[in-house]
Amino acid sequence: MASTLSTNALLERKGKRMALVVTKGFRDILIIGDQSRKELFKLELKHDENLFEEVVEADERVVLHRDDYQDDCQWPMVDSVSLEKMEIWQPLDTTALKTDLQKLYNKGIRSLAVLLLFSYIYPVHEMQVEKVAREVGFEHISLSSQVLPMIKAVSRGFTGGFLSLTDANLVLGRLLPEYFPKVFGEDRNQPLDYEACKGGFIALQREINAYMVKEGYPEKTLEEIALGFINVANETMCRPIRSLTQVARTGVSDTGSNILDPVPAFERHQKITSP
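Thresholds, definitions, all that
- Residues numbered from 1 in each chain as written.
- Predicted model: local features only at pLDDT ≥ 70, side-chain atom pairs only at ≥ 80, totals over all residues.
- Heavy atoms only, no water.
- Helix = DSSP H or I, 4+ residues; strand = E, 2+ residues; numbered from the N terminus.
- Buried < 20%, exposed > 50% of the residue type's maximum accessible area, 1.4 Å probe, protein only.
- Contact = heavy atoms within 4.5 Å.
- Areas by Shrake-Rupley, 256 points an atom, 1.4 Å probe, with all protein chains shown as cover.
- Pairing = 2+ DSSP bridges.
- Axes fitted to C-alpha atoms, helices over the stretch in contact; angles between N-to-C directions.
- Parallel < 35°, antiparallel > 145°, perpendicular 65-115°, else oblique.
- Left-handed = near helix turned anticlockwise from the far one by under 90°.
- Phe/Tyr/Trp six-rings, centres within 6.5 Å; stacked < 30°, edge-to-face > 60°.
- Salt bridge = Lys/Arg side-chain N within 4 Å of Asp/Glu carboxyl O.
- Expected span 1.5 Å × (residues − 1).
- Arc of directions from axis to C-beta.
- Polar contact = N/O pair within 3.5 Å; in protein donor to acceptor, adjacent residues only side chain to side chain.

1. Concerning the overall build of the protein chain
In step 1: What the protein chain contains, in helices and strands, is 10 helices and seven strands.
In step 2: When the 275 residues of the protein chain are sorted by exposure, 28% land in the buried category.
In step 3: Here the analysis covers contacts within the protein chain between residues at least 6 apart in sequence; of these, 67% occur between residues at least 24 apart.
In step 4: When the accessible area of the protein chain is evaluated, it comes to approximately 18,500 Å², of which 56% is carbon and sulfur surface.

Dropping the structure here:
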């Protein structure tokens, strides 16, 4: 039910008013996208309407250090979550950010999506943005580094799609990326991304556990969430198969209707029993 409501709200654009926080200089990154076209040869292109109505540029910049041509780096360096060296060209200006976010809050916006460059391996600045936003009073804040910690900002900004059974099995250790076909990515040659899948389920776990705590139930582990995801998916797929099997055997579905006969079952019964 929750997924149905959220999907309808998304399609009908009836969700909460939302703003986007991006690295300074990249305010149009999700508008430009990756230049992909649904219809390659169509001259007149119509892009989907953006979900965000305002954009705030966060004054920050982090880049990946390259040993092959940056031997004498002048910028402060830190380790990323992948243990790669990151150069901090511009620490996050929290003062300016707070001023900009306050303006959004005064306009009635209460939801934020945060998309900073290289946040998939260095999420510190996004976490700082969240802290400032909470102080201002924002209620719903989505960090790209938590929702989908994967390479390429545009993909993170578009959230990368829905979780699948493959993702759940990967998180549970039932699939090993090295033995799975490398058919992912733009060139269809990348392996399964365990960290991206795990990040998606962590976001789902956070949402579910917030409800569990509110209702007084014990929290679920990541493995329990992934296993429950599989159980729900299996039941969803098996239900129509059972219905079709029953109809093929008896001609009548669970609701008493007969897909092989347009006359409802109760009317057919009346015809048979009536004098």
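2. Details of the sheet that holds strand 7 (residues 140-143)
In step 1: Overall, parallel pairing links the four strands, which are arranged 2-1-6-7 in an open sheet. What marks the edges here is a single partner per strand, and that holds for strand 2 (54-58) and strand 7. This sheet shows a mean twist of 20° between the axes of neighbouring strands, independent of strand direction.
In step 2: Pairing between strand 6 (residues 111-115) and strand 7: four bridges, direction parallel. Bridging from a neighbouring strand, A113 pairs with S142 of strand 7.
In step 3: Helix 3 (residues 94-106) rests against strand 1 (18-23), strand 2 and strand 6 of the sheet, and its axis sits at about 170° to strand 2.
In step 4: Relative to strand 7, helix 4 (residues 124-136) is tilted by about 175°, and along the sheet it contacts strand 1, strand 6 and strand 7.

3. Brief notes about the packing of helix 3 against helix 4
In step 1: At their nearest, the axes of helix 3 and helix 4 sit 9 Å apart, and the two run at 45° to each other. With respect to helix 4, the element helix 3 is oriented oblique. The way helix 3 lies across helix 4 gives a crossing that is right-handed. Along the contact surface, helix 3 presents T94, L97, K98, L101, Q102 and Y105, while helix 4 presents V129, V132, A133, E135 and V136.

4. Points about the packing of aromatic side chains
In step 1: Evaluation of the coordinates by the stated rule reveals four aromatic pairs.
In step 2: With a centroid separation of 5.6 Å and an interplanar angle of 35°, the aromatic rings of W75 and W89 are classed as tilted. Linking W75 in the loop between strand 3 (61-64) and strand 4 (77-79) with W89 in strand 5 (residues 85-90), this pair joins segments that are 14 residues apart in sequence.
In step 3: Residues Y105 and F138 carry aromatic rings whose centres are separated by 5.8 Å and whose planes lie at 75° to one another, so their mutual orientation is edge-to-face.

5. Thoughts on the pairing of strand 1
Two faces make up the sheet, and in a regular strand the side chains alternate between them.
In step 1: Burial within strand 1 is extensive, with six of its six residues counted as buried.
In step 2: Bridging between strand 1 and strand 6 involves five bridges; their strand directions are parallel. Residue pairing for strand 6: L20 is matched across the bridge by A113.
In step 3: When strand 1 meets strand 2, the two strands line up parallel, connected through five bridges. From the neighbouring strand, V21 faces strand 2, where its bridge partner is V56.

6. Here we look at the environment of E84
In step 1: Mapped onto the elements, E84 comes out in the loop between strand 4 and strand 5.
In step 2: Separated by 20 residues in the primary sequence, E84 and L64 have C-alpha atoms spaced 7.6 Å apart.
In step 3: Those residues in contact with E84, other than ones at most four positions away along the chain, are L64, V78, D79 and I121.

7. Brief notes about the pattern of salt bridges
Close approach of charged atoms allows side chains with opposite charge to pair.
In step 1: Scanning the entire structure with this criterion turns up seven salt bridges.
In step 2: A salt bridge links D79 to K85; the shortest N-O distance between them is 2.9 Å.
In step 3: For K85, a relative accessible area of 41% corresponds to the partly exposed category.
In step 4: When the shortest N-O distance is used, the salt bridge between K131 and E135 registers 2.8 Å. Remark: E135 and K131 occur in helix 4; sequence separation between them is four residues, near one turn of the helix.

8. A look at the side chain of S80
In step 1: Tracing the sequence through the fold places S80 in the loop between strand 4 and strand 5.
In step 2: Contact partners of S80, with chain neighbours within four places excluded, come to M86 and I121.

9. Re helix 3
In step 1: Helix length check: helix 3 (13 residues) gives 18 Å between terminal C-alpha atoms against 18 Å at 1.5 Å per residue, within 8%.
In step 2: What helix 3 keeps buried is the set L97, L101 and L104. Along the axis of helix 3, the buried positions cluster into a sector of 50°, meaning they face one direction only. Exposed side of helix 3, more than 90 degrees from the buried face: T95, K103 and N106 are the residues found there.
In step 3: Looking at the buried residues of helix 3, the elements they touch are strand 1, strand 2, strand 6 and helix 4.
In step 4: The N-terminus of helix 3 is capped by D93, whose side-chain oxygen sits 3.3 Å from the backbone nitrogen of T95.
In step 5: Looking at the residues trailing helix 3, positive phi occurs at G108, about 100°.

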